[in-house]
Amino acid sequence: MAASISDVARLAGVSIATVSRSLRGLPNVSTGTRERVQRAAAELSYTASPTASSLASGRTRTVGVVVPYVTRWFFSQVVAGTEAVLRDNGFDLLLYNLGGEAGRLRFFDRLPLRRRVDAVIVIALPLQGEEIAQLRGLDVPVALVGSTVPGFAGVRIDDVEGATKAVRHLLALGHERVALISARADERMHFTAPVDRRVGYQAALTAAGLPVDPALDVTGHWGLTEGAQAMADLLALPDPPTGVFAESDEMALGALRTARRCGLRVPRDVSVVGFDDHEMSDLLDLTTVAQPVREQGVLAATLLLDAIDRRDDDDPPQMTLPTRLVVRASTGPPPDRAAGSPSRPAHAGLWAPSAPVAPG
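The paragraphs below set out a description of the structure included in this document. (Residues numbered from 1 in each chain as written. Predicted model: local features only at pLDDT ≥ 70, side-chain atom pairs only at ≥ 80, totals over all residues. Heavy atoms only, no water.)

**Re the sheet that holds strand 2 (residues 92-97)**
Convention followed: By this definition, two strands are paired if DSSP reports at least two bridges between them. Every helix listed is a DSSP run of H or I at least four residues long, and every strand listed is a run of E at least two residues long, numbered separately from the N terminus. Angles run from 0 to 180 degrees between N-to-C directions of axes, and those axes are lines fitted to C-alpha atoms, restricted for helices to the stretch in contact.
Taken together, the six strands give an open sheet; going across it, the order is 2-1-3-4-5-11, and neighbouring strands pair in parallel fashion. Each edge of the sheet is formed by a strand with only one pairing partner; in this case those strands are strand 2 and strand 11 (318-321). The sheet shows a mean angle of 15° between the axes of neighbouring strands, direction not considered.

Right, here's the structure in full:
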């Protein structure tokens, strides 16, 4: 039979409460007594029950993580970074995958993490007024990834600045017809990245003295198939773009697939830039704006663990991490500047208005 805390207390000649304080490293225990308790515990091969420790401390040693779509690459990477930090510090992760607007409404209506977690991380989900109030009502530390709310810790990147880098790169190469492949900005999940990255795209064009052409702004969803279809729509224009900025690497990789399937040379006929630095981007030589995805999860978890330990009234930190342009083989000068190229883009008019691009 496994030894109990009572057995340890009897062998060490102290009370059960003293054993608990000694093994949990709490103050008001002399060095001699703590060492005697530790020797007794070792002799009896006693291991404290996590459940009992949690009850004694009032903590669950669990952090709730709220994510819009756990299967999407960005969210899964942030969760992986968060889980690694929590695991190394003896905390469990309780994951809530909303899966869309209905799941979001149900989650905030029920708030199932009440009294089950010591802290909460919300990943890339801009919060509305009542949702903020509900999370504050939990009276536990909260950290946000990808957004900012006063009173909550925050880790994010500057999406406007990152998108501006991507478009400036194309402009510096000599491209003047630069298109945007964007995720839908009006989704009811209220994601801000599509809005901010469009702002950066437009700001770079305006700063260069170029018009913002609505025909060159094609929206879809975050995915390979959507990026492929958006590129087909752009190439069907009478005067298609020579440079394309896609708001995610997955959409950019879909755009590359369409370009290559219709015989275009990348980057000689068309250049493509993505956003994220997905692991497939290096393999397929995609120029992209790299953001530290896993690191955002690592930092959010670290900030929360600090807050759990301190529980002070200081303003929680807000951190903005840098992005960087990674130049690979998917970008180059426009066709009219490449040696031996015609003055008109080689792909102009190549695509007629198309049927949807099939996946695969």
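There's plenty left to go through after this.
**Side note on a nonpolar patch on the surface**
Keep this limit in mind: Like charges within 9 Å and nonpolar side chains (Val, Leu, Ile, Met, Phe, Trp, Tyr) within 5 Å are joined into patches, using only residues over 30% in relative accessible area that form no salt bridge. For every accessible area listed, the method is Shrake-Rupley and the probe measures 1.4 Å; residues are considered covered only by the protein chains on display. Any Lys or Arg side-chain nitrogen found within 4 Å of a carboxyl oxygen on Asp or Glu counts as a salt bridge.
Among the surface-exposed residues, M280, L283 and L284 lie close enough to one another that they form a single nonpolar patch of about 270 Å² accessible area. Looking at the element boundaries, M280 is found in helix 12 (residues 279-283).

**Side note on the environment of E295**
Examined against the element boundaries, E295 turns out to sit in helix 13 (residues 293-310). When the C-alpha atoms of E295 and G81 are compared, they prove to be 6.3 Å apart, with 214 residues separating the residues in sequence.

**Things to note about the nonpolar core**
Note the following rule: For the purposes of this section, nonpolar cores are sets of buried Ala, Val, Leu, Ile, Met, Phe, Trp, Tyr and Cys residues that join through side-chain atoms within 4.5 Å. Note on classification: 1.4 Å probe, protein chains only; a residue is buried when its accessible area is under 20% of the maximum for its type, exposed when over 50%, partly exposed between these limits. Whether two residues are in contact is decided by their heavy atoms, any of which lying within 4.5 Å being enough.
One finds L113, V120, I121, I123, L127 and F245 to be the most contacted residues of the largest nonpolar core, which totals 89 residues. Not counting residues up to four positions away in its chain, the partners in contact with L127 are R104, F108, V122, I132, L135, L144 and F152. One finds V8, V37, A40 and Y46 within the second-largest nonpolar core, a separate group that totals nine residues.

**As for the packing of aromatic side chains**
Keep this limit in mind: Put simply, two rings from Phe, Tyr or Trp (the six-membered ring, in Trp's case) pair if the centres are within 6.5 Å, and we call them stacked under 30 degrees between planes, edge-to-face over 60, tilted for the rest. In this scheme, Lys NZ or Arg CZ marks a charge over a ring once it lies within 6 Å of the ring centre and within 35 degrees of the ring normal.
Tallied over the entire structure, the rule returns five aromatic pairs. With 6.4 Å between their ring centres and 35° between their planes, F75 and F191 make a pair best called tilted. Of this pair, F75 sits in helix 5 (residues 73-88) while F191 is found in the loop between strand 6 (178-183) and helix 9 (193-207), placing the two residues 116 residues apart along the sequence. Comparing F75 with F191, the two get one shared label, buried. Through a chain of ring-to-ring contacts, three or more aromatic side chains come together here, namely Y69, F74, F75 and F191. Just above the ring of Y69 sits the side chain of R72; from NZ or CZ to the centre is 4.0 Å. R136 extends its terminal NZ or CZ atom over the ring of F152, reaching a point 5.4 Å from the ring centre.

**A short note on the pattern of salt bridges**
Scanning all chains against the criterion turns up eleven salt bridges. The closest approach of N and O atoms between R104 and E131, which form a salt bridge, is 2.8 Å. With R104 in helix 6 (residues 101-110) and E131 in helix 7 (residues 129-136), the pair connects residues that are 27 residues apart, well separated along the chain. Like R104, the residue E131 is buried in the burial classification. Between R265 and D269 there is a salt bridge, with its nearest N and O atoms 2.8 Å apart. According to the relative accessible area criterion, D269 is buried, its value standing at 3%. Each of R177, D213 and D239 takes part in one network of salt bridges that share partners.

**Focus: the packing of helix 10 (residues 224-235) against helix 11 (residues 249-261)**
Here is the rule: Geometric relationships in this document are graded by angle, where less than 35 degrees denotes roughly parallel, more than 145 denotes roughly antiparallel, 65 to 115 denotes roughly perpendicular, and other angles denote oblique. In this scheme, a crossing is called left-handed if the near helix is turned counterclockwise away from the far one by less than a right angle; it is called right-handed if the turn is clockwise. Classification used: nonpolar for Ala, Val, Leu, Ile, Met, Phe, Trp, Tyr, Cys and Pro, charged for Asp, Glu, Lys and Arg, polar for all others including Gly.
One can describe the packing of helix 10 onto helix 11 by two numbers: an axis separation of 6 Å at closest approach and a directional angle of 50°. Taken together, the axes of helix 10 and helix 11 lie oblique to each other. When you trace helix 10 past helix 11, the crossing you get is right-handed. Contacts between helix 10 and helix 11 pair L224, T225, G227, A228, M231, A232 and L235 from the former with E250, M251, L253, G254, A255, R257, T258 and A259 from the latter. Among the residues forming the contact of helix 10 with helix 11, the class breakdown is nine nonpolar, four polar and two charged.

**Section: the environment of V37**
Among the structural elements, V37 can be located in helix 3 (residues 31-43). Sequence separation between V37 and V14 is 23 residues, and the spatial gap between their C-alpha atoms is 8.1 Å. Discounting residues that sit within four places of it in the chain, V37 has contacts with V8, A12, V14, V19, S22 and L23.

**Quick notes on helix 6**
Here is the rule we go by: This arc corresponds to the set of directions leading from the helix axis out to the C-beta atoms.
Taken together, the buried positions of helix 6 are occupied by G103, R104, F107 and F108. The buried side chains of helix 6 occupy one side of the element, clustering within an arc of 125° when seen end-on. Those residues of helix 6 that are exposed and aimed more than 90 degrees away from the buried face are A102, L105, D109 and R110. Positive phi shows up at L111, right after helix 6, with a value of about 45°.

**Describing unusual backbone geometry**
For the bond from V266 to P267, the omega torsion is 15°, close enough to zero to count as cis. Along the chain, P267 turns up in the loop between helix 11 and strand 9 (271-276). Even without being a glycine, R61 presents a positive backbone phi close to 55°. Positionally, R61 belongs in the loop between helix 4 (50-57) and strand 1 (62-67). Non-glycine residue D277 carries a positive phi angle of around 70°. Position of D277 relative to the elements: it lies in the loop between strand 9 and helix 12.

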